[in-house]
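One-letter residues, chain by chain:
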Amino acid sequence: MYKDLILSKNNIIKNSILLAYKKKEPVVGEFAGIFKYKNNYIIYRDHIGCKKFFFVFKKKKLYTSSNFIDLIKYGEDFIQSAEPGYYIEIKNNGKFIKKTRIPKYIISKNRAKNIEEYLKFIKKKYGQNCIVCLSGGLDSTIIAYYAKKIFHNVNLITAYFDNRYSNVNSDYVISKKIGNFLNLKHFFVKIDNNRISKKLKKVMYACQDWRDYNLHCSCLNFTLGEFIKKNTNLKNRVILTGDFMNEFVADYTSEKVFGKIFYRVPNLPKKTLQKFFTGGLDSSSREVGIFGFFDLKIFQPFNCLKDFYFQFNENEISQKNFKYNINKALIPKSLFNLVNKKKVRAQIGDEKSGGIIKIFHKNRIYQKELEKIFIKNFNCSAKWLRSFILFGRFKY
């Protein structure tokens with residue numbers, strides 16, 4: 001199971017979700033699970049759905065897991081997901097009683113203070129050592145900058161590709177400049193696509209997904225997870241990432257690689273895409289699932305900033321370079337100038353290296369083929385799978 005992170009005003013609930021439930025205390029964080037209260041079960045999950053929680057009631061028995069694949073053996077049609085942002089009260093026999101919205105705690109209207117307080121609480125609960133996954137883009141650079149301010153010992157880790165001439169891609173070059181600026185110890189992990197293809201089943205299990213975008217991201221993160229787990233100096237550190245920001249500002253586009261369109265984005269208003277992408281985090285385990293597979297503690301600090309970015313209207317969020325213009329104030333100008341403004345998604349690499357996509361394209365393994373592989377690996381039906389995750393959300 002995942003490690004929980006639960007914040008409230010003055011931390012009066014001491015990271016106890018039971019206390020928060022009793023006191024109707026507003027909370028924020030990354031959490032999911034179950035507890036007993038007055039002879040009933042209370043199932044809970046954070047507002048965005050960072051952490052996952054699934055359950056099955058069958059023959060008066062309750063089975064739970066953070067990975068729905070573990071529960072397929074009890075009957076796929078019985079599997080339910082906890083709904084983000086709610087307490088769900090259920091009787092011992094599995095009968096639904098009611099759901100109650102979890103009051104949300106806003107740390108501060110100041111984004112920098114939000115991030116700092118969030119990181120301080122992680123440090124207080126899980127220790128003063130952390131490692132930041134740095135891609136060379138703005139989002140992970142912001143997290144690295146604030147991590148250095150809060151944690152006693154910070155390391156950086158960057159995944160990179162090279163081509164047959166051993167030329168490294170831009171993620172390596174720019175991340176190295178950022179690491180030098182921050183004066184932090186930096187680990188670089190070369191992605192070996194051939195090894196990734198051999199571990200596809202493990203990656204699919206850990207991210208509990210077959211959809212190409214999440215799976216491709218997961219392949220990259222799996223290599224990082226392996227490296228961290230094997231490195232005795234890193235495995236006890238908290239992992240921090242810059243995930244969620246692209247969802248909050250709807251900063252995704254379709255990608256054309258090798259003449260083929262990947263990750264097709266519908267032609268919809270930005271505010272609609274913002275809700276769609278953020279809602280899709282409900283079913284994304286590309287980070288928490290992968291690093292959790294290696295029993296590593298992983299947190300995504302931008303989780304606490306969703307409400308800030310959702311306040312902008314269609315015209316504002318649709319402005320060119322909105323993310324860069326609104327977020328550049330969070331870090332020093334000299335650091336911002338180092339950031340890769342033309343960054344492509346990490347799993348794509350560049351035109352020469354091809355990234356994670358290259359191995360799948362080479363073997364002609366696309367979305368439909370991935371779905372077939374998933375179904376065969378985990379013994380579930382296509383009909384059920386397509387209904388269990390619909391429009392990026394789990395079936396509640």
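Values in this document were obtained by computation on a predicted structure and should not be read as measured data.

Within the open sheet, the three strands sit side by side as β6-β5-β7. Their pairing is antiparallel. The sheet is open, and its two edges are formed by β6 (61-65) and β7 (80-81), each paired on a single side.

In this section: the layout of surface pockets. Here the second largest pocket is characterised by a volume of approximately 730 Å³. Looking at the second largest pocket, it is lined by 31 residues, and the ones nearest its centre are Asp212, Tyr213, Tyr263, Arg264 and Phe276. Contributing elements (two or more residues each) for the lining of the second largest pocket: α7 (212-230), β15 (260-262), α9 (270-279) and α16 (367-378). If you tally residues by element for the lining of the second largest pocket, the top one is α7, at four residues. Of the residues assigned to the lining of the second largest pocket, the class counts are 14 nonpolar, eight polar and nine charged.

Here the focus is the side chain of Asp212. Within the element layout of this structure, Asp212 appears in helix α7. An unpaired buried charge is present at Asp212: no salt bridge exists, and Arg211, the closest side chain of opposite charge, is 7.7 Å distant. With near-sequence residues (within four places) excluded, Asp212 lies in contact with Phe262, Tyr263, Gln367 and Leu370.

The terminal C-alpha atoms of helix α2 (residues 111-126), which comprises 16 residues, lie 22 Å apart, in line with the 22 Å expected from a rise of 1.5 Å per residue. One side-chain oxygen at the N-terminal end of α2 lies 3.0 Å from the backbone nitrogen of Ala112; it belongs to Asn110. In the segment just after α2, Gly127 is the residue with positive phi, at about 110 degrees.

This paragraph deals with the nonpolar core. By size, the foremost hydrophobic cluster in this structure holds 53 residues, and its most contacted members are Ile122, Val132, Phe151 and Leu240. Sequence-distant contacts of Leu240, that is, excluding residues within four places in its chain, are made with Leu119, Ile122, Cys130, Ile131, Val132, Cys133, Ile143, Ala147, Phe151, Phe299 and Pro301. Of all hydrophobic cores here, the second largest spans 49 residues; its members include Ile157, Leu224, Ile356 and Ile389.

What follows is about the sheet that holds strand β3 (residues 32-37). In space, the four strands of this open sheet follow the order β3-β4-β8-β9, with antiparallel pairing throughout. The two strands at the open ends of the sheet, each matched to only one other strand, are β3 and β9 (96-101). Neighbour to neighbour, the strand axes of the sheet diverge by 20 degrees on average, direction disregarded. When strand β8 (residues 86-90) meets β9, the two strands line up antiparallel, connected through five bridges. In the sheet register, Tyr87 faces β9, and the bridge partner there is Thr100.

Bringing the packing of aromatic side chains into the picture now. All told, the structure shown has 41 aromatic pairs when counted by the stated rule. Consider the rings of Phe68 and Phe388, whose centres lie 5.1 Å apart with planes at 65 degrees: the pair is edge-to-face. Pair noted here: Phe68 is in the loop between β6 and β7 and Phe388 is in helix α17 (residues 382-388), with a separation of 320 residues, a long-range link. With respect to class, Phe68 is no different from Phe388; both count as buried. Centre to centre, the rings of Tyr145 and Tyr146 are 5.0 Å apart; their planes meet at 85 degrees, and the pair counts as edge-to-face. In this structure Tyr146 comes out as buried when scored by relative accessible area, which is 4%. Ring pairing ties together the aromatic residues Phe54, Phe68, Tyr205, Trp210, Phe222, Phe293, Phe294, Phe374, Phe378, Trp384, Phe388 and Phe394, which thus form one cluster. The aromatic ring of Tyr86 is capped on one face by Lys99, whose charged end is 4.5 Å from the ring centroid. Taking NZ or CZ as reference, Lys260 lies 4.4 Å from the ring centre of Tyr366, over its face.

Cut-offs and rules
Residues numbered from 1 in each chain as written. Predicted model: local features only at pLDDT ≥ 70, side-chain atom pairs only at ≥ 80, totals over all residues. Heavy atoms only, no water. Pairing = 2+ DSSP bridges. Helix = DSSP H or I, 4+ residues; strand = E, 2+ residues; numbered from the N terminus. 1 Å grid on protein atoms, 1.4 Å probe; cavity = no way out; pocket = protein on both sides within 12 Å on 5 of 7 lines; lining within 4 Å. Points joined across faces, edges and corners; volume = space filled by probe spheres on them. Nonpolar A, V, L, I, M, F, W, Y, C, P; charged D, E, K, R; others polar. Buried < 20%, exposed > 50% of the residue type's maximum accessible area, 1.4 Å probe, protein only. Lys, Arg positive; Asp, Glu negative; His and termini not counted. Salt bridge = Lys/Arg side-chain N within 4 Å of Asp/Glu carboxyl O. Contact = heavy atoms within 4.5 Å. Expected span 1.5 Å × (residues − 1). Polar contact = N/O pair within 3.5 Å; in protein donor to acceptor, adjacent residues only side chain to side chain. Core = buried A, V, L, I, M, F, W, Y, C linked by side-chain atoms within 4.5 Å. Axes fitted to C-alpha atoms, helices over the stretch in contact; angles between N-to-C directions. Phe/Tyr/Trp six-rings, centres within 6.5 Å; stacked < 30°, edge-to-face > 60°. Lys NZ or Arg CZ within 6 Å of the ring centre and 35° of its normal.

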